[in-house]
Amino acid sequence: MPRTKNSKSKRRASAAARTAEARRAHVKRTTGGDQAPANDAQPGSAVGAERATFATAKGGLAGLVPARPTSPVPPRGNAQTTEAPGGTAAAAPPASRPDGGPAWAAKALAEILTVTYWLDPGEHGDPFSATVRFSGRRAETTGKPQPGDTFAQEETVEGIVPGSGPVAITAEVRGINPGQWTVTARPVTRPGGGASSRHHLPPGSDPARARRVPWPRRVVIPADSRSSVRTAPLIFTKVPGIIRYAFASLVSLGVLAGLSLEALLLAAGHYPVLRPMLFSVAAVVAGVAGGKAWYIAVNRGRKFDGWCIQGFITGVAAVVATAVFAGTGVPAGAYLGAVGPALLIGLAIGRPGCFWAGCCTGRPTAARRGIWSSDRRVGCRREPAQLLEALAALVIGVAVLAVVRLAGLERGGPAAVAGLAAYTLSRQFILGLRSEPPLRWRYGRQVTAAAAIIVLIAGLAWLARG
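Heads up: these notes are all about the structure in this document.

With respect to the sheet that holds strand β10 (residues 232-233)
At step 1: Spatial ordering of the open sheet is given by β10-β3-β6-β12-β11, a layout of five strands whose pairing is antiparallel. At either margin of the open sheet sits one strand with a lone partner, and together these are β10 and β11 (371-374).

Observations regarding the pairing of β11
At step 1: When β11 meets strand β12 (residues 378-382), the two strands line up antiparallel, connected through four bridges. Residue pairing in the sheet places S373 in a bridge with C380 of β12.
At step 2: The turn joining β11 and β12, which pair antiparallel and follow one another in sequence, is formed by three residues; a positive phi near 80° is taken by R376.

Quick word on the pattern of salt bridges
Opposite charge on two side chains lets them pair, provided their charged atoms get close.
At step 1: As enumerated under the stated definition, the model contains ten salt bridges in all.
At step 2: The residue R138 makes a salt bridge to E140 at a minimum N-O spacing of 3.9 Å.
At step 3: R427 is the salt-bridge partner of E389, the closest N and O atoms lying 2.6 Å from each other. Of the two residues, E389 is situated in helix α9 (residues 385-407) and R427 in helix α10 (residues 412-430); the sequence distance between them amounts to 38 residues.
At step 4: Classification of E389 by relative accessible area gives buried; the value is 2%.
At step 5: Note on R427: relative accessible area 5%, which makes it buried.
At step 6: Through salt bridges with shared partners, one network takes in R138, E140, D149 and R230.

Examining a nonpolar patch on the surface
At step 1: Residues L388, L391, L394, V395 and V398 make up a contiguous nonpolar surface patch of roughly 410 Å² in combined accessible area.
At step 2: Of note, L394 is situated in helix α9.

Points about the pairing of strand β3 (residues 111-119)
For a regular strand, side chains alternate in direction, first toward one face of the sheet and then toward the other.
At step 1: Counted residue by residue, β3 has seven buried out of nine residues, so it is predominantly covered.
At step 2: Two strands pair when backbone bridges link them, and β3 and strand β6 (residues 167-173) are joined in this way by seven bridges, in the antiparallel orientation. Bridge pairing in β6 links L113 to V173.

Each value, and the rule that gives it
Residues numbered from 1 in each chain as written. Predicted model: local features only at pLDDT ≥ 70, side-chain atom pairs only at ≥ 80, totals over all residues. Heavy atoms only, no water. Pairing = 2+ DSSP bridges. Helix = DSSP H or I, 4+ residues; strand = E, 2+ residues; numbered from the N terminus. Salt bridge = Lys/Arg side-chain N within 4 Å of Asp/Glu carboxyl O. Buried < 20%, exposed > 50% of the residue type's maximum accessible area, 1.4 Å probe, protein only. Patch = residues over 30% accessible without salt bridge, like charges linked within 9 Å, V, L, I, M, F, W, Y side chains within 5 Å. Areas by Shrake-Rupley, 256 points an atom, 1.4 Å probe, with all protein chains shown as cover.

Pasting the structure below:
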């Protein structure tokens, strides 16, 4: 009897072993590998065979076939990860969440950090470049910093002119968490070039060592490279030499002054005012649209945050010419005589807004005629291109106004045409002082100057004959 039981036990063990062997052969054929099933026990064990059978019955081959490697799937939403050195995943700063509005509005309303580093370029030597490294940490951060609680950013400035100092290098830091920040700035010296130790104000030095203090004197030059700054929307940030809202305020004042002067001249000549003024308001609207379109075209659709005076004048001229041919209710000469000085004096009032807004800036210079100003990134002594253009418009506008008052409004038409041509001609010389010439065509300034000379001569001849 014992032999019978032993025989049955041996037969059962042999059957279990064959079942397990068949299962391993099946898995090997299916996966193409030699890995044993994860739930299988030692070969020849009845318990191992039962577990393998249970796993197959419950989950098919899922519990037996090893998972095949798959390509990584990016996480949903705005969360992103980057591969850090050593193969570990590091969390990237949180991306800004779209609010459904236009991109320019989101950019203007987003809080950014503006930080400035001052350096002394010395008095003698050749133009050089400087690289400044800004690094900061959010003051409210406790413990391990989270994404967006720290930053490090380098700014490189080319063509710093000795004698144009002190020089202010301003960086805009975006994509960080709002709040109070502690920021440190230091020059970066690179082998074979970059900033030299004599070109920057060392921490604790006397700012008077730079000799010149930017005007207005409310601009304070810090002696330390560490500062505490708070994030703010772009329109509320502080940049040395930049006065926010100066451009919009002075341009609006120039438009109102020009329209008021035109109305006064028409009323003084006993001409109707309403109809000509409606055409002039339409000309201003066309000028604003033309200035924006010209700016976008010049920058080939890459920038949208500015205007070009050429486009403004072109838009105004197009509507004024249409008004002259369509009829404004007053003689064409009288209408041009009122519009000419009004436009020029309005430009003289609005043009300094570019100086304080940091646009249309002049080249850095060490000459005494230079005035300290900023292009919103680099502040230094520059050629006063915007103020020279405003002065030219004022002088020519006053001259045209004097001719109109002495010769009469109807004879003011030729004087207005000659005045606008003279302003365009003077502007071609002033453009040579700009840091970045706006024209992309090599001979654009020469052709414009030649056309302005022809119109100026024709206008003066017309005025002399009349």
